[in-house]
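# Coordinates in review
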Amino acid sequence: LRLSLVGISHHVAPVELRERVALPFDRAVELARKLGDAVCLSTCNRTELYLAGERDDRALQTLEEIAGEPLGRVAYRMHDEAAAVHLFRVSAGLDSMVPGESEILGQVKAAYEGATVGPLLDRVFRQALQLGKRVRSETAIGESPASVPSAAAALAEQVFGDLAGRRVLLIGAGRIGELAAGSLSARGAAIAYVVNRSADAAAALAGRFNAEPLEWEGLASRLGEVDVVLASTSAPEFVVRAEDLPSRRRKPLFFIDIAVPRDVDPAVHELDGCYLYDIDDLEAVVAETLTGRRKEAATAERLVVEEATRFREWQASLEVVPAIASLRARAEEIRAAELAKLGNLSEEERRTIESVTAQMLNKLLHLPTVRMKEAALAADGAAYAAALRHLFGLEDKR
Amino acid sequence: MLDLLFWPALIGYGEAAVAYSSARFTRLATWGVRVGWLLQTALLAVQAARTDGFPWDTWAGSLNLFVWLVVGGYLFWGCRPRYRLLGLAVMPLAAVLFLVAGLGGGTEAGKDSHYGNLFLTLHVGFVLAAFAGFTLAAALAGLYLIEERRLQRRSADILRLKLPPLATLERVTSTAITISLPLLTAGLAIGLVRLFDHGEGVDALIVATILGWLVYGAFVALRPTGRTAAYMALAGFAVVIVVRIVLAGTHF
């Protein structure tokens, strides 16, 4: 049974095309079930159909119907080990835009669990999911942040350790600020205050984080009450100056300034216990962590190779295992028939004869079994299996 | 028997020191620390069982005990895979000092001890335990200053080569000093009682130890934070170095 893959991804298709082929989860599941023994993995970066059997023409046709145009020039087709390796790399995060991103593993799992699959796809997807977990536990590929908001939160953790209970003052109610605040909140920090020129926007965002909206004039007075200040306004001048900070502080204060032009006076960074990171600093940190991720990707690729070998061995064994099983069944059948011809024997004599004949059978079949499995790995499995069936008359037993 | 414990323990520490240099082998390093420390614990137990009195009364013996206390403190407070660089700071030093202790005869047993009575045993034991705690505190304070400087300089690799967070370093430094100070107080008090009983005079090492006690006492009383706390911990440790190295051998 062949494994087939047809798909498009961010490597080969522009976003205009990918967004047409991207399917919501329910539709992806529906498509997989319609194709039968198939899995449809559809994310913002890829839409891929994995099928048992050589049905890639039909799969491609289905994708083209969804896209509304021919995909022959951008779609990739793969089979067997190549398709499996591709899936392994996808689940390991090695085929993602950001190496090692973890979201894809959940998406692969959801696609697999939503589909109705046979033994081939079941095996390859279970292997892919195990590999995805292994890559994340045995390498540091996913440990460092890969985006500015997550880098800002990780830096805050470098100052405070656990962010649980740490209070954040959010200045500005823009989308990037909201994302960074979400990242801090996800790590346990409490968004305590939201300040914005527009009181309505401040109130709306404060409601989302269960925070208190503040008047612009109240900003300076709250700087002594918080641990992290996250600024992302479009103000043309600094909104936080060094002189706004309380002179006597016992705890550190971490400033994240992701605004351009900058919101926080750089002089703040010179104050004892104050740390200020602007957008350039954060991007430099992200670039560095991405370099680290790429280094870890080399280790992850080795794990992919190991998994591919296991898949190849398993797939090869599929060709010979039924023939071996038939041979053993036939031998056992003959042994049982001959034992039945024996006359009156004591229980002990019968047990002895059964034991001796079983051992003879096992010893006789051991070497052919091993050789068959070796032949399967060397790609001669099908020929050997056919020969075995022919020589021992196993055709009817398939 | 003792060699069978010393060399494997040293190999454990050495393996940890080398393995901490790569993120991939952090787990292996942690096992090296654990196994090495357990073997050294067994070594100390055998030494204690075979010696009449306090078995670590030589400079090499006290170094052996000192390494055990430092690695024990590290194992319980800082041995975390994500704080690999802390291990890289502690374990090479521990391995080298342990080797020096072994070469100096500090891991042998069965010799007569100068410190046969309980007072002296407690005096030396408490002071050494306190010094080990202060050493750990100094290492953490040093790491605090390094990490703080990296944050100040906005080092791009700060998340890739991770040290423990500032708050953790500050908290553990403070805890190590807070636990060690009562030990030093007890060790000093026992020593002073014996000193007055025998009518002996105060020497330079006692004066330096009292000076160290004052520095750490001020630390506990004032509860400094941030850089001030780190500098105070290092100032106290400078006194410990004077006591352990410069004035070693001047006491009695």
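Report on the accompanying structure.

Reading the values: rules and limits
- Residues numbered from 1 in each chain as written.
- Chains lettered and ligands numbered in written order.
- Predicted model: local features only at pLDDT ≥ 70, side-chain atom pairs only at ≥ 80, totals over all residues.
- Heavy atoms only, no water.
- Contact = heavy atoms within 4.5 Å.
- Buried area = accessible area lost by both parts, 1.4 Å probe.
- Salt bridge = Lys/Arg side-chain N within 4 Å of Asp/Glu carboxyl O.
- Polar contact = N/O pair within 3.5 Å; in protein donor to acceptor, adjacent residues only side chain to side chain.
- Helix = DSSP H or I, 4+ residues; strand = E, 2+ residues; numbered from the N terminus.
- Nonpolar A, V, L, I, M, F, W, Y, C, P; charged D, E, K, R; others polar.
- Expected span 1.5 Å × (residues − 1).
- Buried < 20%, exposed > 50% of the residue type's maximum accessible area, 1.4 Å probe, protein only.
- Arc of directions from axis to C-beta.
- Axes fitted to C-alpha atoms, helices over the stretch in contact; angles between N-to-C directions.
- Parallel < 35°, antiparallel > 145°, perpendicular 65-115°, else oblique.
- Pairing = 2+ DSSP bridges.
- Core = buried A, V, L, I, M, F, W, Y, C linked by side-chain atoms within 4.5 Å.
- Phe/Tyr/Trp six-rings, centres within 6.5 Å; stacked < 30°, edge-to-face > 60°.
- Lys NZ or Arg CZ within 6 Å of the ring centre and 35° of its normal.

### Brief notes about the interface of chain B and chain A
In this assembly, 25 residues from chain B lie in contact with 29 residues from chain A. Interface area, chain B with chain A, both sides summed: about 2200 Å², of which 49% is carbon and sulfur. When the buried surface of chain B facing chain A is broken down by residue, Arg154(B), Leu159(B) and Arg160(B) rank first, second and third, together holding 33% of it. Joining chain B to chain A, the criterion identifies three salt bridges. As a salt-bridge pair, Arg154(B) and Asp281(A) come within 3.1 Å of each other at their nearest N and O atoms. Applying the counting criterion to the chain B and chain A interface returns 11 residue pairs in polar contact (both at pLDDT 80 or more). Every element with two or more residues in the side of chain B that touches chain A is listed here: helix 5 (118–153) and helix 6 (166–198) of chain B. Per element, the largest residue contribution to the side of chain B that touches chain A is six residues, and it comes from helix 5 of chain B. Tallied by class, the residues present in the side of chain B that touches chain A amount to 10 nonpolar, four polar and 11 charged.

### Description of helix 13 (residues 381–392) of chain A
Residue and element names in this part refer to chain A. End to end, helix 13 covers 16 Å across 12 residues, agreeing with the expected 16 Å (1.5 Å per residue, within 8%). Of all the positions in helix 13, only Gly381, Ala385, Leu388 and Arg389 are classed as buried. Along helix 13, the residues classed as buried sweep out an arc of 95° about the axis, all on the same side. Exposed side of helix 13, more than 90 degrees from the buried face: Ala383, His390 and Leu391 are the residues found there. Where helix 13 is buried, its residues touch helix 11 (279–340) and helix 12 (347–377). With its phi angle positive at about 65°, Gly393 sits one or two positions after the end of helix 13.

### Notes on the packing of helix 4 (residues 80–91) of chain A against helix 5 (residues 103–114) of chain A
Residues and elements named next belong to chain A. Across the interface, helix 4 lies against helix 5 with an axial gap of 8 Å and an inter-helix angle of 130°. Relative to helix 5, the element helix 4 is oriented oblique. Within the contact between the two elements, helix 4 uses Leu87, Val90 and Ser91 and helix 5 uses Ile104, Leu105 and Val108. For the contact of helix 4 with helix 5, a count of residues per class yields five nonpolar, one polar and no charged.

### So, the sheet that holds strand 2 (residues 38–42) of chain A
All names here are of chain A. Pairing in this open sheet of four strands is antiparallel, and the strands run 2-3-1-4 from one edge to the other. Each end of this open sheet is capped by a strand with a single partner; those strands are strand 2 and strand 4 (76–79). The mean angle between the axes of side-by-side strands here comes to 15°, regardless of whether they run parallel or antiparallel. Pairing analysis gives seven bridges linking strand 1 (residues 3–9) to strand 3 (residues 46–52), with the strands arranged antiparallel. Opposite Ser9, over in strand 3, you have Arg46 as the bridge partner. Relative to strand 1, helix 3 (residues 56–67) is tilted by about 25°, and along the sheet it contacts strand 1, strand 3 and strand 4.

### So, the pattern of salt bridges
A pair can form between side chains of opposite charge whenever their charged atoms are brought close. Residue and element names in this part refer to chain A. Under the criterion given, the structure shown has 33 salt bridges over all chains. As a salt-bridge pair, Asp80 and Arg2 come within 3.0 Å of each other at their nearest N and O atoms. Of this pair, Asp80 sits in helix 4 while Arg2 sits in the segment before strand 1, placing them 78 residues apart in sequence. Residue Asp80 is classed as buried on the basis of its relative accessible area, which comes to 18%. A relative accessible area of 32% means that Arg2 is categorised as partly exposed. Note that Asp95 and Arg89 form a salt bridge whose closest N and O atoms lie 3.5 Å from each other. You can call Asp95 buried: its relative accessible area is 6%. For Arg89, a relative accessible area of 22% puts it in the partly exposed group.

### So, unusual backbone geometry
Omega for the peptide link from Val260(A) to Pro261(A) comes to 0°, which places this bond in the cis form. Looking at the element boundaries, Pro261(A) is found in the loop between strand 9 (253–257) and strand 10 (274–278). At Asp80(A), a residue that is not glycine, the phi angle is positive and equals roughly 45°. Of note in this structure, Arg223(B) is not a glycine but carries a positive phi near 50°. The topology assignment puts Arg223(B) in the loop between helix 7 (204–222) and helix 8 (226–246).

### Quick word on the sheet that holds strand 8 (residues 228–231) of chain A
Residues and elements named next belong to chain A. If you walk across this open sheet you meet the six strands as 7-6-5-8-9-10, and the pairing is parallel. Among the strands making up the open sheet, the edge pair consists of strand 7 (212–214) and strand 10. In this sheet, neighbouring strand axes are inclined to one another by 20° on average, regardless of whether the strands run parallel or antiparallel. Bridging between strand 9 and strand 10 involves five bridges; their strand directions are parallel. Across the sheet, residue Phe254 finds its bridge partner in strand 10, namely Tyr275.

### A word on the nonpolar core
Among soluble globular proteins, nonpolar side chains are generally buried collectively. Counting residues in hydrophobic clusters, the biggest one holds 104 residues, and the most contacted among them are Leu184(A), Leu230(A), Phe254(A), Ile256(A), Tyr74(B) and Met91(B). The leading source of residues in this core is helix 5 of chain B, at 14 residues. Sequence-distant contacts of Ile256(A), defined by excluding residues within four places in its chain, comprise Ala152(A), Leu184(A), Val228(A), Val229(A), Leu230(A), Ala231(A), Tyr277(A) and Leu282(A).

### Details of the packing of aromatic side chains
Counted by the stated rule, this structure contains 12 aromatic pairs over all chains. A ring pair is formed by Tyr112(A) and Phe125(A), whose centres lie 5.8 Å apart and whose planes are at 5°; its orientation type is stacked. Placement of the pair is Tyr112(A) in helix 5 and Phe125(A) in helix 6 (residues 119–138), with a sequence separation of 13 residues. The burial state of Tyr112(A) is the same as that of Phe125(A); both residues are buried. On the basis of an interplanar angle of 5° and a centroid distance of 5.3 Å, the ring pair of Trp37(B) and Trp68(B) is categorised as stacked. With a gap of 31 residues between them, Trp37(B) in helix 2 (residues 26–50) and Trp68(B) in helix 3 (residues 59–77) connect regions that are remote in the sequence. For Trp68(B), a relative accessible area of 21% corresponds to the partly exposed category. Among the aromatic residues, ring-to-ring pairing joins Phe6(B), Trp7(B), Tyr13(B) and Phe98(B) into one connected group. Against the face of Trp216(A) rests Arg197(A), its NZ or CZ located 4.0 Å from the ring centre. Above the ring of Trp31(B), the side-chain terminus of Arg34(B) is found at 4.7 Å from the ring centroid.

Distances and angles like these do not, on their own, reveal function.
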